[in-house]
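# Survey of secondary and tertiary structure
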Protein chains: 2
Amino acid sequence: MYYAGVDIGGKNTKMGIVDDFGNVVSSMTYRTQKERGYDAILLDMISNINSLCMEAGFDIKELSGIGIGVPGIVNSRAGLVMSCSNLNWKGVDLAGDVKNLTGKQCKVCNDANCAALGEQRFGSGKNFKNLVFITLGTGVGSGIILDGKLFEGLGCAGAEAGHMGIQVDGDKCACGNKGCWEEFISAKAFVEQTRVAIEQNPKSLLAEICKDGISGKSAFIAAREGDSVAKNVVEKYIGYLTYGLIGLTNILHPQAFVLGGGIANEGAELILPVKSMLNEYIDNNGFYPYVDVVGASLGNDAGYMGAAALVM
Amino acid sequence: MYYAGVDIGGKNTKMGIVDDFGNVVSSMTYRTQKERGYDAILLDMISNINSLCMEAGFDIKELSGIGIGVPGIVNSRAGLVMSCSNLNWKGVDLAGDVKNLTGKQCKVCNDANCAALGEQRFGSGKNFKNLVFITLGTGVGSGIILDGKLFEGLGCAGAEAGHMGIQVDGDKCACGNKGCWEEFISAKAFVEQTRVAIEQNPKSLLAEICKDGISGKSAFIAAREGDSVAKNVVEKYIGYLTYGLIGLTNILHPQAFVLGGGIANEGAELILPVKSMLNEYIDNNGFYPYVDVVGASLGNDAGYMGAAALVM
């Protein structure tokens, strides 16, 4: 059977037609053009799903369902997008509207949750029935899979691990909490940590490398060149990341953490020290099982593939 | 049907015969006398269950099962007590041994998890299918109920919320983590917070009240008398407690938190400000559902009643 998965972003929308085994038979990416508003975005999406079906050699009528990931607050049970500041949506019945226009079952979910589901069904999480997915992007998204199913909490309001506080006397976050994990581990935070280190060590190799700008890769590049300032920035970041994973382990003790997003692209240089630090902690009491840490493997496809999995 | 529930503690063991509706038909508390070792404790327990059955007017053969809570690391799926430092047990097959000796099905679980289940089935958590139970005792125990069932994580190693870190640069905990929530909200921590405030304000009413010793009640008593030093201690404590609940809400978003243990006996003076602070945070984004905060209602009976519920 075939399913359409859509990952709507503030800038681009990615979609694909996926089968039960996670094979993508056709896919596309296009500009969301959010300024045109909800109705136009909706019609575009359906028309593009139609095109993808034709490209795959069948009619949209043969689709078994449509799943959609949205970067906002979604009540997935009701199919409602409660709020999506990126797209200026508030209280839209996206699942209902898609169903009315296509006659297909439709499920809607938060985009990070979709990506978590995508990785668990078809990506590097597929050996695990219990995992927590964390994206280390501009912000920090998370998704929780328990017993093979997406766990969202009451009103689909859970799985926002980026706003777990890790510094009780920390800085205020936009969410209203203080010292949120996101403020330590997002790509934005990492760039800021790099900037501060450069300010304090203007003659370091790190400073030299960043003279035209700082990115989430800068400190890793300079650390590979042996720069001690950069190594320190990376080590501290790994400490922050692991600290939150230890917190999540003490609550959920999943089989694995799957790390995605820009910073996770550093691969083994990030994953291995995090995994060893986390399991050194777990080993401390001698009776608790090992928790794996793996990099996400589907990249930007995780969102729409997981969205398709919502309706499988 | 009738079930035996047992709550083994380092000092005392509590047990009761409970029916499907949570009615306790007979119960008793006796000294565990742990120095006599595992076999003696086991035989005592079975003999006492026998007595309770007779007291209730039936034979132990008519029991539908035996559930046991143990203050340690328990693999409840396997029925094994991996480690219980309180009783000096390591790798004992408690469920198997009870089954062999009685012919009854037996389930074993961590004691805080049993108490969580007890409160959810028969206590102040009975209106909630999704809740997190936190005991504010000498240490901090926790139990998680999702969809009406105990959630324990891989190897039953989850639901240890007291060791979620809330201060990334905090003091080292015995568990190996830093800045654990327990170090801020246990009764022991609260007494220490009170002691420090007294040291800094030796002329306060709080200091006067505590001249013969400090307990987990002292700051609440002095705060009720209007002492600003004590009010400050209580307010800070409530802040630490709520901070961790916000973290748990961002991960699990349960319907409710149930607070038990010594400090929760302060009742509304603790519960109401925590509830209002937590929901003020939740309201901040306007779309997430309210989370209730209630005091536990079964007191010391929660453990054995929840243990009985393990086999219902």
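Residues numbered from 1 in each chain as written. Chains lettered and ligands numbered in written order. Predicted model: local features only at pLDDT ≥ 70, side-chain atom pairs only at ≥ 80, totals over all residues. Heavy atoms only, no water.

## Focus: the interface of chain B and chain A
Chain B puts 49 residues into the contact, and the matching count from chain A is 49 residues. Buried surface at the junction of chain B and chain A, both sides included, amounts to about 3900 Å², of which 67% is carbon and sulfur. Our count for the contact surface shared by chain B and chain A stands at 0 salt bridges. The interface formed by chain B and chain A contains 27 residue pairs in polar contact (both at pLDDT 80 or more). Elements with a minimum of two residues in the side of chain B that touches chain A: β6 (80–84), β10 (140–146) and α8 (228–252) of chain B. Top contributing element to the side of chain B that touches chain A by residue count: α8(B), with 9 residues. A breakdown of the residues in the side of chain B that touches chain A according to their chemical character gives 28 nonpolar, 17 polar and 4 charged. (Contact = heavy atoms within 4.5 Å. Buried area = accessible area lost by both parts, 1.4 Å probe. Salt bridge = Lys/Arg side-chain N within 4 Å of Asp/Glu carboxyl O. Polar contact = N/O pair within 3.5 Å; in protein donor to acceptor, adjacent residues only side chain to side chain. Helix = DSSP H or I, 4+ residues; strand = E, 2+ residues; numbered from the N terminus. Nonpolar A, V, L, I, M, F, W, Y, C, P; charged D, E, K, R; others polar.)

## Quick look at helix α1 (residues 38–56) of chain B
All names here are of chain B. If you check α1, its first and last C-alpha atoms are 27 Å apart, about what 19 residues at 1.5 Å a residue would give, namely 27 Å. Looking at α1, one finds that the buried residues are Y38, I41, L42, M45, I46, N48, I49, L52 and C53. Buried residues along α1 cover an arc of 165 degrees about the axis, so they all sit on one side. Exposed residues lying more than 90 degrees from the buried face of α1 are D39, L43, M54 and E55. Those residues of α1 that are buried lie in contact with β1 (2–8), β2 (12–19), β3 (24–31), β4 (66–70), β7 (89–92) and α2 (94–102). Trailing α1 by a residue or two, G57 shows a phi angle of about 90 degrees, which is positive. (Expected span 1.5 Å × (residues − 1). Buried < 20%, exposed > 50% of the residue type's maximum accessible area, 1.4 Å probe, protein only. Arc of directions from axis to C-beta.)

## Here we look at the confidence of the model for chain A
Note: predicted coordinates in regions of low pLDDT should not be interpreted at a detailed level. With 100% of its residues at a pLDDT of at least 70, chain A reaches an overall mean of 96. In the model output, the complex is listed with pTM 0.95 alongside ipTM 0.95. (pLDDT = per-residue confidence, 0-100.)

## Some points on the packing of aromatic side chains
Using the criterion set out here, one finds 10 aromatic pairs over all chains in the structure. Aromatic side chains B:Y2 and B:F58 sit 5.0 Å apart centroid to centroid with 25 degrees between the ring planes, which places their arrangement in the stacked category. You can see B:Y2 sitting in strand β1 and its partner B:F58 sitting in the loop between α1 and β4, a full 56 residues away along the chain. Residue B:F58 is classed as buried on the basis of its relative accessible area of 11%. Members of the aromatic cluster, joined through ring pairs, are A:F190, A:F220 and A:Y237. (Phe/Tyr/Trp six-rings, centres within 6.5 Å; stacked < 30°, edge-to-face > 60°.)

## Some points on the nonpolar core
With 116 residues, the main nonpolar core has A:I134 and B:I134 as its most contacted residues. Contacts of B:I134, omitting those with residues within four sequence positions, involve B:V140, B:G141, B:S142, B:A161, B:W181, B:I185, B:L245, B:L248, B:V258, B:L259 and B:G260. (Core = buried A, V, L, I, M, F, W, Y, C linked by side-chain atoms within 4.5 Å.)

## As for the environment of A:N127
Relative to the elements of secondary structure, A:N127 occurs in the loop between α3 (111–122) and β9 (131–136). For the pair A:N127 and A:Q255, spaced 128 residues apart in sequence, the C-alpha to C-alpha distance is 9.2 Å.

## A few points about the sheet that holds strand β11 (residues 149–151) of chain A
All names here are of chain A. Taking strand neighbours across the sheet as the criterion, the 5 strands line up as β11-β10-β9-β12-β13 in an open arrangement whose pairing is mixed. This sheet does not close on itself; its edge strands, each paired only once, are β11 and β13 (292–295). Averaged over all pairs of adjacent strands, the angle between their axes in this sheet comes to 25 degrees, without regard to strand direction. Contacts from helix α9 (residues 268–283) reach β9, β12 (256–260) and β13 within the one sheet, and its direction differs from that of β13 by about 170 degrees. (Pairing = 2+ DSSP bridges. Axes fitted to C-alpha atoms, helices over the stretch in contact; angles between N-to-C directions.)

## What to know about the state of the cysteines
All chains considered together, the criterion is met by 0 disulfides over all chains. Not engaged in a disulfide, the cysteine A:C114 finds its nearest cysteine sulfur in A:C109; these two sulfurs lie 4.6 Å apart. (Disulfide = S-S within 2.5 Å.)

## Brief notes about unusual backbone geometry
The residue A:D147 is not glycine, and still its phi comes out positive at about 55 degrees. By the secondary structure assignment, A:D147 is in the loop between β10 (140–146) and β11. Notably, B:H253 is not glycine yet its phi reads approximately 35 degrees, a positive angle. When you line up the elements, B:H253 lands in the loop between α8 and β12 (256–260).

## With respect to the pattern of salt bridges
Scanning the entire structure with this criterion turns up 16 salt bridges over all chains. B:D147 is the partner of B:K129 in a salt bridge, and the nearest nitrogen-oxygen pair spans 3.5 Å. Taken together, the residues B:K129 in the loop between α3 (111–122) and β9 (131–136) and B:D147 in the loop between β10 and β11 (149–151) connect sequence positions 18 residues apart. Overall, B:K129 belongs to the partly exposed group, its relative accessible area being 46%. Residue classification places B:D147 among the exposed residues on the basis of a relative accessible area of 51%. As a salt-bridge pair, B:R224 and B:E269 come within 2.9 Å of each other at their nearest N and O atoms. Taken together, the residues span a long stretch of sequence, with B:R224 in helix α7 (residues 218–224) and B:E269 in helix α9 (residues 268–283) at a distance of 45 residues. If you follow the salt bridges from partner to partner, you end up with A:E192, A:R195 and A:E199 in one network.

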